[in-house]
Amino acid sequence: SVEVIAATAQDGIALEDVDAVNVGTVVAVNVDRVQVDGSVAAQATTDVAGHTVSGATGALVQKTVDGTLTVDDASGTQGGNILLQTQAGGDIVANAAVQSTSGSLSLDAADGISLAGSGDLGTGSAGTVDLVAGTAVTLADDAVVSAGTGKIRVAAEAGDVTLGGIQTGGDVAIQAAGAILDGGDLHTDVVAQNALLNAGTTVGSTNDKLDTELAAIAAQSQDGVFVEEGIPGADLTIGNVAFTGIN
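So, a few notes on the structure that sits alongside this text.

Reading the values: rules and limits
- Starting from 1, residues in each chain are numbered consecutively following that chain's sequence as written.
- In keeping with the model being predicted, local features are shown solely for residues with a pLDDT of at least 70 and side-chain atom pairs are shown and tallied solely at 80 or more, while totals for entire chains, interfaces and linings include all residues.
- Just so you know, side-chain values use all the structure's heavy atoms and leave hydrogens and water out.
- Note on terminology: a nonpolar core comprises buried Ala, Val, Leu, Ile, Met, Phe, Trp, Tyr and Cys residues joined through side-chain atoms within 4.5 Å.
- Each residue is assigned to one of three classes by its accessible area relative to the maximum for its type, calculated with a 1.4 Å probe on protein chains only: buried under 20%, partly exposed between the two thresholds, exposed over 50%.
- Any two residues whose heavy atoms approach within 4.5 Å are treated as being in contact.
- Comment: elements are numbered from the N terminus, with helices defined as DSSP H or I runs of at least four residues and strands as E runs of at least two.
- For cavity detection a 1 Å grid was placed over the protein atoms alone, and a set of points counts as a cavity when a 1.4 Å probe fits there but cannot get out; an open set counts as a pocket when protein lies on both sides within 12 Å along at least five of seven lines, with lining residues being those that have an atom within 4 Å of a point.
- Grid points are joined across faces, edges and corners, and a volume is the space filled by probe spheres set on the points.
- Any residue outside Ala, Val, Leu, Ile, Met, Phe, Trp, Tyr, Cys, Pro, Asp, Glu, Lys and Arg is labelled polar, Gly included; the first ten of those are nonpolar and the last four are charged.
- Each reported salt bridge corresponds to a side-chain nitrogen of Lys or Arg within 4 Å of a carboxyl oxygen of Asp or Glu.
- Between any two strands, pairing holds if DSSP finds at least two bridges.

### What about the nonpolar core?
- Counting 48 residues, the largest nonpolar core has L115 and L131 as the members making the most contacts within it.
- Leaving out residues up to four positions away in the same chain, L131 has contacts with L107, I113, L115, L121, V137, V145, R153, V154 and A155.

### Some remarks on the environment of A195
- In this structure, A195 sits in strand β28 (residues 194-199).
- Of the residues examined, A195 reaches a relative accessible area of 0% and is grouped as buried.
- It is 19 Å that separates the C-alpha atoms of A195 and G233, two residues lying 38 residues apart in sequence.
- The contact partners of A195, leaving out residues within four places of it in the chain, are V172, V190, L214, A216, I217, A218 and V241.

### A look at empty space enclosed by the protein
- In total, this model carries one cavity of 30 Å³ or more according to the counting rule given.
- As a volume, the largest cavity reaches approximately 30 Å³.
- Lining the largest cavity are V23, H51, L60, V71, S75, L84 and V98.
- Of the residues contributing to the lining of the largest cavity, the split by class is five nonpolar, two polar and no charged.

### Topic: the pattern of salt bridges
- Using the criterion set out here, one finds one salt bridge in the structure.
- Across the pair R153 and D130 runs a salt bridge, and its minimum N-O distance is 2.7 Å. Of this pair, R153 sits in strand β22 (residues 152-156) while D130 sits in strand β19 (residues 129-133); the two residues are 23 residues apart in sequence, bridging distant segments of the chain.

### With respect to the sheet that holds β28
- Taken in spatial order, the 10 strands line up as β3-β10-β13-β16-β19-β22-β25-β28-β31-β34 in an open sheet, and their pairing is parallel. Here the strands that pair on one side only, and so sit at the sheet edges, are β3 (12-17) and β34 (237-238).
- With five bridges connecting them, β28 and strand β31 (residues 216-220) associate as parallel partners. Counterpart to A195 in the pairing with β31 is I217.

This is the structure:
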């Protein structure tokens, strides 16, 4: 068990901590190596910030068994997949960006997922993004979850989904046991081809509608759907949206 961890590798990173851990900056660890004549020679390392996989397909996996996983320094891969997971309990808190150039990105939290304004999540090309929280998913007003043309799913199994910006050239599915809410006005809430929205209470609200830029939408809730399409003169289809899953 460690409090702060940082790692760099060419072909992949796979780490599991028994309790809470912070992906942050670990300063240089300098030691003296004893020589054959009994003298010492300094052995120096360099500071490492966050997790970085430099190989084209290397994956990044960081888990906790029971505790919060906090990302305080930017982390990512060149083309490999990324998994951040808290298993028996704990939130996932992103205070810094987590990015892959083209791999798929998954956050799987036993409790909540929280993205600060500097905690953008993203991938490019056809990579997908999947956020699943045991309680709520909360994006700061200036937080963005993005994919190139890949699908994005956001699911809160026992709480609300509060949106900053969701952006992809593909499709989006957002599911909440509670409400799907607009977290602010810095970004359009959902920019995608098609969106499937399913809430236990409301999608948006009478005073704060969800802002969208979509071709088609399907929404279901118990207490109301409040959405405003933001592309002037564009057609919006309300109908069947088939979301076939993500990687």
